[in-house]
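# Observations on chain architecture
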Amino acid sequence: MDGQHLTKVVLLACGSFNPITNMHLRMFELARDHLEDTGQYRVVKGIISPVGDAYKKKGLIEACHRLEMARLSTDSSDWITVDPWESLQPEWVETAKVVRHYYKEMLEAEQNTDDLDTVKYAKKRRIEENNFGASSHQKKDGLQLMFLCGADVLESFGVPNLWKQEDIDEIVGRYGMVCITRSGSDPHKFIHQSDKLWKYRQNIHMVREWVTNEISATQVRRSLRRGRSVRYLLPDGVVHYIQEHALYSAESEQRNAGVVLAPIQKNTEVS
Amino acid sequence: MATCRIPLVLLACGSFNPITNQHMRLFELARDHMHSTGQYQVVGGIVSPVSDGYGKQGLVLAQHRIAMAKLALQSSDWVTVDEWESQQADWTETVVTMRYHCGRILKEYEQSTGEHKDSSGNPSPLSSPCPQLKLLCGADFLDTFQVPDLWLDDHVEEVAGHFGLICVSRGGLHPEQAVAASDTLSRHSHNIFLVREWVRNETSATEVRRALRRGLSVKYLIPDSVIEYIHQHNLYTEDSERRNKGTVLRPLAKQATQPGKSLDD
């Protein structure tokens, strides 16, 4: 074991993945390269967590398909995985809850591998007790879960009723974010203009994507509706799956049309 | 009965140093576009990597570029890699490569229709016409027509007028301007098909090589099999990027020594 204490990182990406594209997969690669380049981190796992159908986004097709496409796309990766937990929940789950769930799982997994080492276990418990309720980086014994997203998600923090303020506090303040910037958006400015994000700026890792690679799932779906090729924008296995199951038609794009997005519905409900 | 579409073969010339998903996208986009005109049926695609004699900085050996292209196109049922250009002793003008493939396509066509002749020796009336060949390129390629001494006027005329171009653009490039800026291209604008790539994707072989030099991931930008090949052969290092540094690009050297003369013998 090397003398350097690298923090182990698990990257978690939430989203519709409707469908998953090469760009989504690139985000993981870029994030890993960036974090490891700082010399402080070692990225050990990536998790793709597709949102549940209860999210009610327009054009969102069934989770079972979105999960399968994500699985097919990560076949060739030795560190990125797909987890169905979020999509299996009957109600829509706030992102903060999803992060909390995977953080707990990550700790448990780590604990299981350390169970035999009682000294380390005892040390862990002390750290856990000390850090309970702290708003600092949730970093147990050199292990951290970071939320991975595009700059558009960061900027969505400003959309009224889309996010609860305490959830943003938790995701950014307590866990940490890796944010892949796209051309046309200026996320640094966005952070600067938000007092809350400014407070947590040390927890936000900005990854500049020099080589623009904006494969929008919306435009992929449009191409598919028009019978145009999307080959080389998505992994081959995903392209075949879409063709086999005839996903993404004019009808599928009309799903949830006029329906209020679940988070907005939830956050504007009179409690 | 369906209207008779002209069968079409798309030829892409270039360094393919290395081939990327973007290169393969060009073919997909071009095929979709030409089909949507209602006039064409794309029947084949050819990737023709340039020979080592091109002298471009950072160009790795043709044998590698060919091998990578073959790996990348293994799963394609209509695009193939052709080694003829890379095997020529000297760098070959685009027009010469086009003439070669056109001749080859014609010969294959004559052989296959020869098998379907009626009793008086006439080709069967139901056989489709001989496939046409058009050059497939990116928008930056159109700009090269403006570079002094890079193209012979005759050749521009032949590529745009006789064969035809399919130009796929992306990002900030405006191919309409490049066409408008050239009298020759403007005259043949009906034979120049402009296809817009809606994905803002600036993946380029240059960027891929840069990432590889720095030990950064290029997964999902180029096929896995090509990444493996690159690692196996340790291609694309700081050394490889310095190859041909300071050398004059072959087309410039060749055309500067023989002004005004046709170079197709």
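Residues numbered from 1 in each chain as written. Chains lettered and ligands numbered in written order. Predicted model: local features only at pLDDT ≥ 70, side-chain atom pairs only at ≥ 80, totals over all residues. Heavy atoms only, no water.

Going by the annotation in an unreviewed UniProt entry, the name recorded for chain B is Nicotinamide-nucleotide adenylyltransferase, with Champsocephalus gunnari given as the source organism. Looking at the Sequence similarities (unreviewed entry) heading of the UniProt record, one finds this comment for chain B: "Belongs to the eukaryotic NMN adenylyltransferase family." A UniProt comment under Subcellular location (unreviewed entry) is attached to chain B, and it reads "Nucleus". (UniProt positions renumbered as here; feature names shortened; annotations may be inferred.)

As recorded in an unreviewed UniProt entry, chain A goes by Nicotinamide-nucleotide adenylyltransferase and comes from Champsocephalus gunnari. Quoted verbatim from the Subcellular location (unreviewed entry) field of the UniProt record, the comment on chain A reads "Nucleus".

This paragraph deals with the packing of aromatic side chains. Residues and elements named next belong to chain A. What the rule picks out here adds up to 12 aromatic pairs over all chains. With a centroid separation of 6.0 Å and 75 degrees between ring planes, the pair formed by Phe28 and Trp79 is classed as edge-to-face. Taken together, the residues span a long stretch of sequence, with Phe28 in helix H1 (residues 22–37) and Trp79 in the loop between helix H2 (63–73) and strand E3 (80–82) at a distance of 51 residues. Classification of Trp79 by relative accessible area gives buried; the value is 6%. Over the ring of Trp198 we find Arg201; its NZ or CZ atom is 4.0 Å from the centre of that ring. (Phe/Tyr/Trp six-rings, centres within 6.5 Å; stacked < 30°, edge-to-face > 60°. Helix = DSSP H or I, 4+ residues; strand = E, 2+ residues; numbered from the N terminus. Buried < 20%, exposed > 50% of the residue type's maximum accessible area, 1.4 Å probe, protein only. Lys NZ or Arg CZ within 6 Å of the ring centre and 35° of its normal.)

A few words now on the sheet that holds strand E1 (residues 7–15) of chain A. Residues and elements named next belong to chain A. Taking strand neighbours across the sheet as the criterion, the six strands line up as E3-E2-E1-E4-E5-E6 in an open arrangement whose pairing is parallel. The open sheet terminates on both sides in strands that have one partner only, identified here as E3 and strand E6 (204–208). Each strand axis lies, on average, 25 degrees off the axis of its neighbour in the sheet, ignoring direction. As paired strands, E1 and strand E4 (residues 143–150) are joined by five bridges and run parallel to one another. The residue of E4 that forms the bridge with Val9 is Gln144. (Pairing = 2+ DSSP bridges. Axes fitted to C-alpha atoms, helices over the stretch in contact; angles between N-to-C directions.)

Bringing the sheet that holds strand E6 (residues 192–196) of chain B into the picture now. All names here are of chain B. What the six strands build is an open sheet, ordered E3-E2-E1-E4-E5-E6; its pairing is parallel. Strand pairing shows two members of the sheet lacking a second neighbour, strand E3 (79–81) and E6, which therefore form its edges. Neighbouring strand axes in the sheet, compared pairwise and without regard to direction, differ in orientation by 25 degrees on average. Sheet analysis places strand E1 (residues 6–14) next to strand E4 (residues 132–138), joined by four bridges and oriented parallel.

On the side of chain B, 22 residues touch chain A, which itself brings 26 residues to the contact. Note on chain A versus chain B: buried area summed over both sides is about 2,300 Å², and carbon and sulfur give 49% of it. The largest per-residue losses of area from chain A upon contact with chain B belong to A:Arg26, A:Val211 and A:Tyr232, which jointly make up 26% of the total buried on that side. Between chain A and chain B we count zero salt bridges in total. At the junction of chain A with chain B, the criterion picks out 11 residue pairs in polar contact (both at pLDDT 80 or more). If you list the elements that add at least two residues to the side of chain A that touches chain B, you get H1, strand E7 (213–214) and helix H10 (217–225) of chain A. With five residues, the top contributor of residues to the side of chain A that touches chain B is H1(A). A class-by-class count of the residues in the side of chain A that touches chain B yields eight nonpolar, 11 polar and seven charged. (Contact = heavy atoms within 4.5 Å. Buried area = accessible area lost by both parts, 1.4 Å probe. Salt bridge = Lys/Arg side-chain N within 4 Å of Asp/Glu carboxyl O. Polar contact = N/O pair within 3.5 Å; in protein donor to acceptor, adjacent residues only side chain to side chain. Nonpolar A, V, L, I, M, F, W, Y, C, P; charged D, E, K, R; others polar.)

With that out of the way, let us pick up the pattern of salt bridges. Residue and element names in this part refer to chain A. For the coordinates displayed, the defined rule picks out 24 salt bridges over all chains. Note that Glu94 is salt-bridged to Lys266, the shortest N-O span being 3.2 Å. A residue pair is termed long-range when its members are at least 10 positions apart, and Glu94 in the loop between helix H3 (85–88) and helix H4 (95–114) and Lys266 in helix H13 (residues 262–268) qualify at 172 residues. Take Lys266: its relative accessible area is 37%, and that puts it in the partly exposed class. The salt bridge partner of Arg100 is Glu170, with a shortest N-O separation of 2.6 Å. Remark: Glu170 occurs in helix H7 (residues 165–175) and Arg100 occurs in helix H4; sequence separation between them is 70 residues. Assessed through its relative accessible area of 36%, Arg100 is described here as partly exposed. In this structure Glu170 comes out as buried when scored by relative accessible area, which is 10%. Look at the salt bridges and you will find they share partners, linking Glu94, Lys97, Lys164 and Lys266 into a network.

Now for helix H1 (residues 21–36) of chain B. Residues and elements named next belong to chain B. The first and last C-alpha atoms of H1 sit 23 Å apart over 16 residues, in line with the 22 Å expected at 1.5 Å per residue. Counting buried positions over the 16 residues of H1 gives 12, a clear majority of the element. The complete set of buried residues in H1 reads Asn21, Gln22, His23, Met24, Arg25, Leu26, Phe27, Glu28, Leu29, Ala30, Asp32 and Met34. Within two residues after H1, Gly38 carries a phi angle of roughly 85 degrees, on the positive side. (Expected span 1.5 Å × (residues − 1).)

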